[in-house]
Structures are given as structure tokens and as C-alpha cells.
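Each chain is listed here by its residues.
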Amino acid sequence: MAIIKSFDELNRQVIELAKKQTCPGSAIIISDDDHNLKSIQQLTEDRVLRSLFIGAGDSADDNNSFIKAADIINALSRTLGMANDKQIDLIVLDENYLTDFLKMAQNKSSGFITSDRILSHAAVFEHEVYHKTFMLCDAFVNSHPDLIDKVKIIKNAVGLSKILGVELPKAAILAAVEKVHQGMAVTIEAERLKSMNIEGEIDGCLIDGPLSMDCAMIKKVAEDKGVASEVAGDPDILIAPDINVANAIYHAITKIGQAKMGSLIIGGSVPVALLHSNNIKENAINSLMLGSYYSLISNN
């Protein structure tokens, strides 16, 4: 499988794969944002997705693409049921409904996740100052992941990275410093995650940490600091200590750095393309394409 090096390439691949399908993949849309709905409409017209809108109201069209629900909770419940029954390939979710969605989806009784999995957020970025696409976890789902949670988050991220064609993803465990300090729990966790990788408990990837953000992303900085690492300067995955750090990095890269971005929640029955209320159209489409590609590759 070829490595996806840009969102333009990802979008071309999705359209080519979609053309080979007997019918487009099905996506449940939970959104009332007109800006995001226009992005969804474009993919529907390109036959990348067969969109099914679900929500309260009486709207419907000639293709019966609207499923009426009593309220958002009922809509989410029906959506999760359709995902578990393999009636849909993708959920498209407005950020406004994220809290309600997570409350329901993370309940083991929902059947959306198995007992050995965890839902996690992965933001995939493309920026001119970095030589390839890279991923950040977890800016929206897990607020204070412990060691076991981080193992599961890494496994989710590695799975997505491999779908994007990276044979041996490199994961940097972020911290403020590059050495283990007993007073900084995240550095101890980073060292443990690295050891688990070396010992084969976390396989299919190469992990290093603790690494500061500048060491992780810039090889020369790591060299100047005397940090010898195969990951430094070349990570495919960044694992933040908690949601506060991850969310700050996410907004710095997208809003200040103006990076191209796609946003997914992974680890469940189907991927969830997360659409942010202030998305530029291009990033909304990137999220939809990323979710579609995940489904197309996973189902083949």
C-alpha cells in the first residue's frame, strides 16, 4: 500500500476507490451546521458517500435520506445501532454533539467498542514545514489518559497510520523534557511506553520518549540537545500527555500554523469524522475523506 503523503493524494485515492464500489459507502450525518453540510453535499455528489441525515424534524427528500428521530439522544442511539449492525460505514458528527455521543458510545453496553478498545481522537496534519503528514492524539476524547489508556490510544493511532500506508509508524511520547524525572509522572509513563515497545508489548511501531515537542519534530534540535533517537525529527504520531496539551497543540497547528487537517474518532465499530464548528471547508472535506478512506481500506 502506497504511503499517503498529502490530503490531495488522499482525496484522489478515495475517489478512485469509491468508483470501484458497486455503491457508495453509507454515512450517517449528525449535523446542523450549514457550512459543514455543504462539504458533505459535495462528497455525496461525487458519489464518495451515500449520506443519511438523522435528526428531529420533518425534513425528507425524494431519496428518503432523512431519518426522523425524536431528539438528539434518540438520533445518536439509532446511529450507534446502525453502526453495530454494519448498516453504515462512517459517522459524521458535529463537534457540538460530541459530549452526548461519547457518553453513549463509551458505555460498554452500547456495543460500539469492545472491552479491549478505547475511543480516541486522531488529528492528521499536513504542513509545509514538515516533510510528511503526521498525527496528534488525543485532543478531544480522553482528558487524562493513564498508562493503559495511552497503550490503547497508541494502538488506535498505529492502526490508522498503517491504513495511511506507513509500514512502521514512529510515535513520539511528548513531555516538557527529554529525560525521566521522578517528579514528572508523564516522563515516567513515556519511559514505560518505550520499554513496552522494546519488549514487544506494543508492536507494529517504534516508540521513543519522553521527547519535548521541538525535539520530536526537528532533528537538529534533538542533535543539539544530545538526544539520540530514531523517532526525533521523523515522527508519524505525537502522543500528548493529556487533553490540555493536545488541544493546545491542535489549535496552534490549525489556527496559528494554518495546517491542513483531518479529524477522526477511532476505536469503535466505524470511524467518526469529527466536524468542527469553525472548520474551513477544506478541512471538513479532509475529515470526511479520511473517514471514508479508513472505512474503504478496513472493509477491503
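Given the structure is predicted, the values throughout are model-derived calculations rather than measurements.

Visitor: Any chance you could explain the overall build of the protein chain here in plain terms?
Guide: Regarding its fold elements, the protein chain presents 10 helices and 11 strands. The C-alpha radius of gyration computed for the protein chain amounts to 19 Å, which stays within 12% of the reference 19 Å derived for 300 residues, consistent with globular compactness. Counting every position in the protein chain, which comprises 300 residues, the buried fraction comes to 53%. The long-range fraction of contacts in the protein chain, counting pairs at least 24 apart against all pairs at least 6 apart in sequence, stands at 68%. Entry remark: accessible area of the protein chain is about 13700 Å², with carbon and sulfur atoms responsible for 50%. Both charge centroids of the protein chain, one from 28 positive and one from 39 negative side chains, sit 3 Å from each other.

Visitor: Teacher, can you tell me more about unusual backbone geometry here?
Guide: Backbone geometry follows two general trends: most residues other than glycine have a negative phi, and most peptide bonds adopt the trans configuration. Omega for the peptide link from Cys137 to Asp138 comes to 5 degrees, which places this bond in the cis form. Within the fold, Asp138 resides in the loop between β6 (134–137) and α5 (147–163). Gly209 connects to Pro210 through a cis peptide bond whose omega is 0 degrees. The residue Pro210 is located in strand β8 (residues 206–211) in this model. The phi angle at Lys86 is positive, at roughly 60 degrees, despite the residue not being glycine. With respect to the secondary-structure elements, Lys86 resides in the loop between α3 (72–84) and β4 (90–94). Of note, Gln258 is a non-glycine position whose phi angle comes to about 55 degrees, a positive value. With respect to the helices, strands and loops of the structure, Gln258 is situated in the loop between α9 (243–256) and β10 (260–266). Judged by relative accessible area, which is 59%, Gln258 ranks as exposed.

Visitor: Would you explain the environment of Glu223 in this entry?
Guide: Topologically, Glu223 is positioned in helix α8 (residues 219–224). Considering only alpha carbons, one finds Glu223 and Gly233, 10 residues apart in sequence, at a separation of 9.6 Å.

Visitor: I tried to follow the packing of aromatic side chains on my own but got confused; where do I start?
Guide: To describe a pair of aromatic rings, you give the distance between the ring centres and the angle between the ring planes. On inspection of all chains with the given rule, the structure shows 5 aromatic pairs. A ring pair is formed by Phe125 and Phe134, whose centres lie 5.4 Å apart and whose planes are at 35 degrees; its orientation type is tilted. On the basis of relative accessibility, which here comes to 5%, the residue Phe134 falls in the buried class. Between Phe140 and Tyr250, the ring centres sit 5.0 Å apart and the planes meet at 90 degrees, which makes this aromatic pair edge-to-face.

Visitor: What's the story with the environment of Ser51 in this structure? I'm lost.
Guide: Tracing the chain through its elements places Ser51 in strand β2 (residues 49–55). For Ser51, a relative accessible area of 7% gives the class buried. Residues Ser51 and Ala27, spaced 24 residues apart in sequence, show a C-alpha to C-alpha distance of 5.1 Å.

Visitor: Just to check I follow, could you spell out the packing of α3 against helix α4 (residues 98–105) for this structure?
Guide: Describing two packed helices takes the angle between their axes plus the distance from one axis to the other. At a minimum axis distance of 10 Å, the contact between α3 and α4 shows a crossing angle of 50 degrees. Judged by the inter-axis angle, α3 sits oblique to α4. With respect to the hand of their crossing, α3 and α4 are arranged in right-handed fashion. Of the residues in α4, those touching α3 at Ile72, Ile73, Leu76, Ser77 and Leu80 are Asp100, Phe101, Met104 and Ala105. Partitioning the contact of α3 with α4 into residue classes produces 7 nonpolar, 1 polar and 1 charged.

Visitor: Explain the pattern of salt bridges here, please?
Guide: Pairs may arise between side chains of opposite charge once their charged atoms sit close together. A full pass over the atoms with the stated rule returns 12 salt bridges. Taking the shortest distance from any N to any O, the salt bridge between Glu178 and Lys225 comes out at 3.3 Å. Taken together, the residues span a long stretch of sequence, with Glu178 in the loop between β7 (170–174) and α6 (185–198) and Lys225 in the loop between α8 and β9 (237–239) at a distance of 47 residues. By relative accessible area, which is 23% here, Glu178 ends up partly exposed.

Visitor: Explain the side chain of Ser263 here, please?
Guide: Inspection of the secondary structure assignment puts Ser263 in strand β10. At 2.6 Å, the side chain of Ser263 and the side chain of His121 are in polar contact. A polar atom in the side chain of Ser263 sits 3.2 Å from the side chain of His276. With near-sequence residues (within four places) excluded, Ser263 lies in contact with His121, Ala122, Val272, Ala273, Leu274, His276, Ser287 and Leu290.

Rules and cut-offs
- Residues numbered from 1 in each chain as written.
- Predicted model: local features only at pLDDT ≥ 70, side-chain atom pairs only at ≥ 80, totals over all residues.
- Heavy atoms only, no water.
- Helix = DSSP H or I, 4+ residues; strand = E, 2+ residues; numbered from the N terminus.
- Rg over C-alpha atoms; globule rule 2.2 N^0.38 Å.
- Buried < 20%, exposed > 50% of the residue type's maximum accessible area, 1.4 Å probe, protein only.
- Contact = heavy atoms within 4.5 Å.
- Areas by Shrake-Rupley, 256 points an atom, 1.4 Å probe, with all protein chains shown as cover.
- Lys, Arg positive; Asp, Glu negative; His and termini not counted.
- Charge placed at Lys NZ, Arg CZ, Asp CG, Glu CD.
- Phe/Tyr/Trp six-rings, centres within 6.5 Å; stacked < 30°, edge-to-face > 60°.
- Axes fitted to C-alpha atoms, helices over the stretch in contact; angles between N-to-C directions.
- Parallel < 35°, antiparallel > 145°, perpendicular 65-115°, else oblique.
- Left-handed = near helix turned anticlockwise from the far one by under 90°.
- Nonpolar A, V, L, I, M, F, W, Y, C, P; charged D, E, K, R; others polar.
- Salt bridge = Lys/Arg side-chain N within 4 Å of Asp/Glu carboxyl O.
- Polar contact = N/O pair within 3.5 Å; in protein donor to acceptor, adjacent residues only side chain to side chain.

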